[in-house]
Amino acid sequence: MTGTPPAAAEGHDGTRAPAHTPVPASTPAPVSAPAPAHAPDASAQTPDAAVRTPDTPARKPDAAVRMREAVLRTCTDDDAPAAADAAFWRPARGPVVCLGETMAALAPPPPHALDSADSLRLSVAGAESNVAMYLADLGLPVSWLSAVGDDALGRRVRAAVARAGVDVSGVRTDPDRPTGLLLKDPGAAGTRVHYYRRGSAASALGPGVLDDERFGTAALLHLTGVTPALSPACRALVERALHTPPARRAHAVSFDVNHRPALWPPDTAPSVLRDLADRADIVFVGLDEAQELWGEHLTAADVRRLLSGPRVLVVKDGGRGATAFTERAVCTVPALATEVVEPVGAGDAFAAGFLAGLCGGTDLTRALRLGHITAASALKVVGDHGPLPDADTVGAMLALTEQDWCRATVPWNTGPATSR
């Protein structure tokens, strides 16, 4: 491995989020998902328990419970996947911990660019907390571990993640370091993201975070390649999380490569990210970022040969589809035709959907489908966290035949194109 990277560079980084690839004109005319079954009666509400503190996740809404049930209903004995698909490794069911930095985010309203907008919208953005919020939407118990500054932006970040139903009681408040900030600059070729995160509260996280009590009951830890780029201490954290061989881990580890070129010293990221990814149980990587890191002509199968260690490897290919590799199976599912308002955050949403399906016991096809459905919700909003379709719609989409899936569009019931 190459040397430890210094703290992330501040300011304009030139990073672009790839635009969602349009569906070819030859694609058949889309059809809507089948009419969902009658939704369960939501009139019987359970009274709220004790008064919540700011760190306590909101009471799990009925919608998230129904969403979880919709996913689980696709895994019945009467509708079992093929033997080769059913036998692959899955994480145990149980709580998920997502660990990494979340920043305050400023973005202009569409269709304006950053240099021409009269106003900016304040939201929050962080790969790991994005995954946590979508996992909560999908009905999984999930905690987010991080650090924020003792400032207004830090309080806003913590509150926004908690409102999504995520446990944030393990998030530290640093009295000496600020909360990070990013600016989004949308354009025709994609979205440029400018970071202001040098010396942030989260960049001071270290291996000691892994001693948090939540890991005593966790079934899965989710990390990304952003964290090891933030500081030597953050890299040591990720290396410790992946040090124990998979067969001896108390919980599974998923790792999204999430390459951010501006955060790494030259020629550092390829070897570091490959080494870390190859030690994880579940890995997500975009084909475009794999080509940028390890070879411009790589195919999805080539990426699997480079990353042979993970029990499950998912190679995403933008708006075309995604391929999952296990020891016994290879499964490709095309992406949904989706209007793209803003692409940043879609990869995190995809990871959450796939993990929710995998942890729920679905086969690879349905886990990939749930990833695509969740990603589409992020593509349709300016922020990183958009509303999912209702549970019955998701269940109907997961049950489609292969032919109908390839022609489907999702009938979202959304308001304006902004995140919650």
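Look above for the structure.
Residues numbered from 1 in each chain as written. Predicted model: local features only at pLDDT ≥ 70, side-chain atom pairs only at ≥ 80, totals over all residues. Heavy atoms only, no water.

(A) Fine view of the overall build of the protein. A tally of regular secondary structure across the protein gives 13 helices and 17 strands. The burial tally for the protein puts 53% of its 420 residues in the buried class. The contacts of the protein with a sequence gap of at least 6 include a subset with a gap of at least 24, amounting to 76%. With an accessible surface of roughly 17600 Å², the protein has 53% of that area assigned to carbon and sulfur atoms. (Helix = DSSP H or I, 4+ residues; strand = E, 2+ residues; numbered from the N terminus. Buried < 20%, exposed > 50% of the residue type's maximum accessible area, 1.4 Å probe, protein only. Contact = heavy atoms within 4.5 Å. Areas by Shrake-Rupley, 256 points an atom, 1.4 Å probe, with all protein chains shown as cover.)

(B) Inspection of helix α4 (residues 152–163) at higher detail. If you check α4, its first and last C-alpha atoms are 16 Å apart, about what twelve residues at 1.5 Å a residue would give, namely 16 Å. Among all positions of α4, only Gly154, Val157, Arg158, Ala160, Val161 and Ala162 are buried. Buried positions along α4 lie against β4 (103–107), β5 (121–125), α3 (127–137), β6 (142–145), β7 (147–149) and β8 (172–174). Residue Gly165 follows α4 closely and has a positive phi angle near 100°. (Expected span 1.5 Å × (residues − 1).)

(C) The arrangement of the packing of helix α10 (residues 346–360) against helix α11 (residues 364–379) in detail. The contact between α10 and α11 brings their axes to 7 Å, and the two run at 150°. In the crossing of α10 with α11, the sense of the turn from one axis to the other is right-handed. Residue-level contacts link Ala346, Ala349, Phe350, Gly353, Phe354, Ala356, Gly357 and Leu358 of α10 to Leu364, Ala367, Leu368, Leu370, Gly371, His372, Thr374, Ala375, Ala378 and Leu379 of α11. Partitioning the contact of α10 with α11 into residue classes produces 13 nonpolar, five polar and no charged. (Axes fitted to C-alpha atoms, helices over the stretch in contact; angles between N-to-C directions. Left-handed = near helix turned anticlockwise from the far one by under 90°. Nonpolar A, V, L, I, M, F, W, Y, C, P; charged D, E, K, R; others polar.)

(D) Structural view of unusual backbone geometry. Residues other than glycine seldom take positive phi values, yet Asn258 does so here, at roughly 45°. Position of Asn258 relative to the elements: it lies in the loop between β12 (252–256) and α7 (269–278). A positive phi is found at Asp267, a non-glycine position, where the angle reads about 65°. Within the secondary structure, Asp267 sits in the loop between β12 and α7.

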